[in-house]
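Working through the structure, step by step
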Amino acid sequence: MPSRTSTVDTSDPTVTPRHDDALTGPDLVAWIELMDDRLVHQAEWLTELDSAIGDGDHGINLARGFAVLSERLSDAGPTDLDGILELCSTTLVSTVGGAGGALYGTFFRRMANGSAGYSRLDAATLAGILGAGVEGVTSRGMAQVGDKTMVDALVPCRLALGSAADRGDSLSAALEAAAAAADAGRESTRPLVARRGRASYLGSRSADHLDPGAASTALLVRALSDSWNASALAWNAR
Amino acid sequence: MERIGTRVERPVIGIVVVSHSPRLADAAVELARQMVQGDGPPMVVVAGVDGRFGTDAAAVAQAIDALADTGGVLVVPDLGSAVLSAEMALDLRRSSVEVVVGAGPFVESLAVGIPLAALGCPLDTVATAVATALSTTRRARSFRAAPDAVIPMP
């Protein structure tokens, strides 16, 4: 079994390691800021997806929510993990509206509850906390894999992250596996007939379209992986 | 021996209306109020997000808390995501007043729920009436869809 890899040079005692292969508060803020940046460009695509099988506001609503959130986090916001995640929840609930607000709000709130007392999240801890978030979404939306919802991206993502943590993968590798699984989950929604949400009113006409919720979820996980890798690269390049 | 049948004064229940649109909510409430003399039950309408279609779970939680001194709160959501917001509000509220998220269709729920609440019916009675509110319409229309009926799509 491979040993856990680490980007930290612990031989130098004068260096306070920031990258001990675990997420801290600033990493979560960087994640949200990157998601906000990406949504500026991806909102139109998400809205296109949502126009095909929904009410056509997913991209613009999510972009607005993350813009407000990013501002609140950078503007003397909380620095502890659960405080940041809780602010994500309350902000998205009140700015996104609709199913996206309630479901992402629930996702972040359950992760906030799970991370109370932690100052850092390694791959295994993150897998557990993400699992709590995913469980919150599945129970609130009463959705399962195959219903053509964000759950189709979230559940494979959680499983991939958990497997990577069990293998002892680095956080970087674990997050890449999670993002790849979420992307694959998004693609898996294309042939599906929606069984939840307003797309389900369309019956079989909802097939042959990507689910916008699964698409935004995959973007969110990809943003976490990319922001962590950028931060780890910067640390290694010092 | 205790007397049986003593009337217990019980506060009227409150209703929180959760809609994607203020105009939809206001019109549905106005329609339902036709059957009520006087002010009707205490009600709060939570509709829209930032002037757009949508529902805000935090605002629903505040509305529930604002009705905390009633005899219980019935939440009446319109579309599915309003139901999600209503259920999330149960996590976010601070008061401990009894709350039921109504299981009936929006217009019928208000048309049945507001008059019954105004009459002083308890929360469980109103919630049951609301959950079966559509059956009256269905009976009138002789509509008998099987529970797993497949709706043919064009």
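Small disclaimer: the values here were computed from a predicted structure and weren't measured. (Residues numbered from 1 in each chain as written. Chains lettered and ligands numbered in written order. Predicted model: local features only at pLDDT ≥ 70, side-chain atom pairs only at ≥ 80, totals over all residues.)

**A word on the overall build of chain B**
Within chain B, the regular secondary structure consists of six helices and four strands. For chain B, the α and β elements follow one another from N to C terminus as β-α-β-α-β-α-β-α-α-α. Counting over 154 residues, chain B shows a buried share of 47%. Looking at chain B alone, contacts between residues at least 24 apart form 79% of all its contacts between residues at least 6 apart. (Helix = DSSP H or I, 4+ residues; strand = E, 2+ residues; numbered from the N terminus. Buried ≥ 20, exposed ≤ 12 C-beta atoms within 10 Å, placed from the backbone. Contact = placed C-beta atoms within 7 Å.)

**As for the overall build of chain A**
Looking only at helices and strands, chain A has eight helices and zero strands in total. A compact globule built from 238 residues would reach a C-alpha radius of gyration of about 18 Å, and chain A, at 18 Å, matches this within 12%. Dimensions of chain A, computed from C-alpha atoms along their principal axes, come out at roughly 60 × 45 × 30 Å. (Rg over C-alpha atoms; globule rule 2.2 N^0.38 Å.)

**Quick word on the pairing of strand β1 (residues 14–19) of chain B**
Residue and element names in this part refer to chain B. Of all six residues that make up β1, six are buried, and the element is covered over most of its length. Every second residue of β1 is oriented toward a common face, with Gly-14, Val-16 and Val-18 on one face and Ile-15, Val-17 and Ser-19 on the other, all of them buried. Here β1 runs beside strand β2 (residues 43–47); their pairing, made up of five bridges, is parallel. Note that in β2 the partner of Val-18 across the bridge is Val-46. Note that the unit made of β1, helix α1 (residues 22–33) and β2 has a crossover that is right-handed. (Pairing = 2+ DSSP bridges. Right-handed = clockwise from strand over helix to strand, strands pointing away.)

**Observations regarding the nonpolar core**
One finds A:Leu161, A:Ala178, B:Val16, B:Val17, B:Val60, B:Leu74 and B:Val75 to be the most contacted residues of the largest nonpolar core, which totals 119 residues. Tallying contributions element by element places helix α1 (residues 25–53) of chain A first for this core, with 10 residues. Ignoring sequence-local partners within four residues, the contact set of B:Val60 consists of B:Val16, B:Val18, B:Val46, B:Val75, B:Ser85, B:Ala86 and B:Ala89. (Core = buried A, V, L, I, M, F, W, Y, C linked by C-beta atoms within 7 Å.)

**Considering the interface of chain A and chain B**
The interface of chain A with chain B comprises 19 residues on the first partner and 17 residues on the second. The set of elements that each furnish at least two residues to the side of chain A that touches chain B consists of α3 (81–96), α4 (98–115) and α5 (123–141) of chain A. The dominant element in the side of chain A that touches chain B, judged by the number of residues it contributes, is α4(A), at eight residues. Of the residues contributing to the side of chain A that touches chain B, the split by class is four nonpolar, 11 polar and four charged. (Nonpolar A, V, L, I, M, F, W, Y, C, P; charged D, E, K, R; others polar.)

**Here we look at the sheet that holds strand β3 (residues 73–77) of chain B**
Residues and elements named next belong to chain B. One open sheet accounts for four strands, arranged β2-β1-β3-β4; its pairing is parallel. Either end of the sheet is taken by a strand with one partner, and the two such strands are β2 and β4 (99–101). With direction set aside, neighbouring strand axes in the sheet form an average angle of 15 degrees. The sheet contact formed by β1 and β3 spans five bridges and is parallel. Within the sheet, the bridge partner assigned to Ile-15 lies in β3 and is Leu-74. Helix-sheet contacts for helix α2 (residues 57–66) involve β1, β2, β3 and β4, and the interaxial angle to β2 is about 175 degrees. (Axes fitted to C-alpha atoms, helices over the stretch in contact; angles between N-to-C directions.)

**Details of helix α3 (residues 80–92) of chain B**
All names here are of chain B. The first and last C-alpha atoms of α3 sit 19 Å apart over 13 residues, in line with the 18 Å expected at 1.5 Å per residue. Taking burial as the measure, the 13 residues of α3 include 10 buried ones, the bulk of the element. Three or more residues of α3 are buried, namely Ser-81, Ala-82, Val-83, Leu-84, Ser-85, Ala-86, Glu-87, Met-88, Ala-89 and Leu-92. (Expected span 1.5 Å × (residues − 1).)

**Quick look at the packing of helix α6 (residues 151–167) of chain A against helix α7 (residues 171–188) of chain A**
Residue and element names in this part refer to chain A. Relative orientation of the contacting elements α6 and α7 amounts to 155 degrees, with a least axis distance of 7 Å. One way to sum up the angle between α6 and α7 is to call them roughly antiparallel. Of the two elements, α6 crosses α7, and the hand of that crossing is right-handed. Between α6, through Asp-152, Ala-153, Pro-156, Cys-157, Leu-159, Ala-160, Leu-161, Ala-164 and Ala-165, and α7, the contact on the second element is made entirely by Ala-173, Ala-174, Ala-177, Ala-178, Ala-181, Ala-182, Ala-184, Gly-185, Arg-186 and Ser-188. For the contact of α6 with α7, the residue count by class is 15 nonpolar, two polar and two charged. (Parallel < 35°, antiparallel > 145°, perpendicular 65-115°, else oblique. Left-handed = near helix turned anticlockwise from the far one by under 90°.)

**Some words on the confidence of the model for chain B**
The share of residues in chain B with pLDDT of 70 or more is 82%, and the mean pLDDT across the chain is 88. Model confidence for the complex: the whole-complex pTM is 0.86, and ipTM, which rates the interface, is 0.79. (pLDDT = per-residue confidence, 0-100.)

**Notes on the environment of A:Ala67**
Residues and elements named next belong to chain A. Tracing the chain through its elements places Ala-67 in helix α2 (residues 58–74). The exposure class assigned to Ala-67 is partly exposed, which follows from the 16 C-beta atoms found within 10 Å. A sequence separation of 34 residues divides Ala-67 from Glu-33, and the C-alpha atoms of the two residues are 8.3 Å apart.

**Observations concerning the confidence of the model for chain A**
The predicted coordinates of low-pLDDT regions are not to be read in fine detail. Residues and elements named next belong to chain A. Taken as a whole, chain A shows an average pLDDT of 90; of its residues, 92% reach a score of 70 or greater. At the low end of the mean pLDDT range in chain A sits helix α8 (residues 212–236), at 92; at the high end sits α6, at 98. A low-confidence stretch, residues 1–18 (pLDDT under 50), is modelled with 20 contacts involving residues beyond four sequence positions or located in other chains.

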